[in-house]
Amino acid sequence: MVHRCCPTQATLPSGASGVHSCQGRRGPLPARTLRDVTDFLQRLLRLWIEPVADGRAARAAFAQVYADPLTVNGSPMTVAQLVDRARSLQRAFEGLSMQILDQVETPDRLVIAFTMRGRHVGTYASALGDVPPTGRDVEVRTIDDLTITDGLVSAIWVVADDLGLLTQLGAVNLADPP
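Predicted, not measured: the structure shown is a model, and the values here were computed from it.

1. Notes on the packing of helix α1 (residues 34-49) against helix α3 (residues 79-92)
Where α1 contacts α3, the axes come no closer than 8 Å and their chain directions differ by 60 degrees. The angle between α1 and α3 places the two elements in the oblique class. Only Leu82, Arg85, Ala86, Leu89 and Gln90 of α3 make contact with α1, whose side of the interface consists of Leu47, Trp48 and Ile49. When the residues that make up the contact of α1 with α3 are grouped by side-chain class, the tally is 6 nonpolar, 1 polar and 1 charged.

Here it is in structure tokens:
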């Protein structure tokens, strides 16, 4: 296991746990391995790109990844509300895929930059109002800053290129530069 908290990037013995000393500070060791993070991200992304089950099964699947309630962009949200968001996204776009561009992790945070792609086949509920289906292929870059508490996402800050998406859908027209 590589200790990434200090400049030396010291290699720790396999199975090391508890606390460590880092330039005189003490703190928890990162609890996740690369495989753990990869598995976690795959479970999380599948919830958003694969059809969401009905009722309790959907809430149970999301509750394996997300705390209930959690905070999204500073506002409280329940797992049931996240399920509704995922269903809305899946109704609006078919063939959804997400490609991870980069990720950064600390013991309690995971930041992922990704590109979402899909075809706009249903009404998309945007901040500017509903956008009827266009049949257009879209690509949206997003950064999610996830706070992890007890193995679950407890807070998310989302920075998505909503303007770029709305432009691709023809819902917004940008002025040409002079």
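2. What about the environment of Asp137?
Within the fold, Asp137 resides in strand β9 (residues 137-149). By relative accessible area, which is 52% here, Asp137 ends up exposed. Sequence-wise, Asp137 and Val121 are 16 residues apart; in three dimensions their C-alpha atoms are separated by 9.3 Å. When residues no more than four places from it in sequence are discounted, the contact partners of Asp137 are Gly118, Arg119 and Gln168. Reaching out from Asp137, the side chain makes a polar contact with the side chain of Arg119 at a distance of 3.3 Å.

3. Observations concerning the packing of aromatic side chains
Throughout the structure, instances matching the rule amount to 3 aromatic pairs. An angle of 75 degrees between the planes, with centres 5.7 Å apart, marks the rings of Trp48 and Phe62 as edge-to-face. One end of the pair, Trp48, is in helix α1; the other, Phe62, is in helix α2 (residues 55-63), and 14 residues separate them in sequence. Where Phe62 meets Tyr66, the ring centres are 5.8 Å apart and the plane angle is 20 degrees; that geometry is what we call stacked.

4. Thoughts on the confidence of the model for the protein chain
Of the residues in the protein chain, 82% have a pLDDT of 70 or more, and the chain-wide mean is 85. Ignoring residues within four places in sequence, the model shows residues 1-31, a span with pLDDT below 50, making 36 contacts including any to other chains.

5. Comments concerning the packing of α2 against α3
Following both chains from N to C, one finds α2 and α3 inclined at 105 degrees, their axes separated by 9 Å at the closest point. Considered as vectors, α2 and α3 are oriented roughly perpendicular to each other. The residues of α3 that touch α2, namely those facing Gly55, Ala58, Arg59, Phe62 and Ala63, are Val79, Ala80, Leu82, Val83, Ala86 and Arg87.

Parameters at a glance
- Each chain carries its own residue numbering, running from 1 in the written order of its sequence.
- Selection of residues for local features in this predicted model requires a pLDDT of at least 70, selection of side-chain atom pairs for listing and counting requires 80 or more, and totals for whole chains, interfaces and linings are taken over all residues.
- Only heavy atoms go into the side-chain values, all of them from the structure, while hydrogens and water stay out.
- Each axis is a line fitted through C-alpha atoms, and for a helix only the stretch in contact is used; angles between axes span 0 to 180 degrees, taken between their N-to-C directions.
- The numbering of helices and of strands both runs from the N terminus, where a helix is a DSSP run of H or I of at least 4 residues and a strand a run of E of at least 2.
- Throughout this description, any angle smaller than 35 degrees is read as roughly parallel, any larger than 145 degrees as roughly antiparallel, any in the 65 to 115 degree range as roughly perpendicular, and the remainder as oblique.
- Whether two residues touch is decided by their heavy atoms; if any such pair falls within 4.5 Å, the residues are in contact.
- Side-chain classes are defined by residue name, with Ala, Val, Leu, Ile, Met, Phe, Trp, Tyr, Cys and Pro counting as nonpolar, Asp, Glu, Lys and Arg as charged, and the others, Gly among them, as polar.
- Residue exposure (1.4 Å probe, protein chains only): buried if accessible area is under 20% of the type maximum, exposed if over 50%, otherwise partly exposed.
- Polar contacts here mean pairs of N or O atoms no more than 3.5 Å apart (in protein, one a potential hydrogen donor and the other a potential acceptor; neighbouring residues in sequence count only if both atoms are side-chain atoms).
- When two rings of Phe, Tyr or Trp (its six-membered ring) have centres within 6.5 Å they constitute a pair, described as stacked for plane angles under 30 degrees, edge-to-face for angles over 60, and tilted for the intermediate range.
- One number per residue, pLDDT, summarises how confident the predictor is, and it ranges from 0 to 100.

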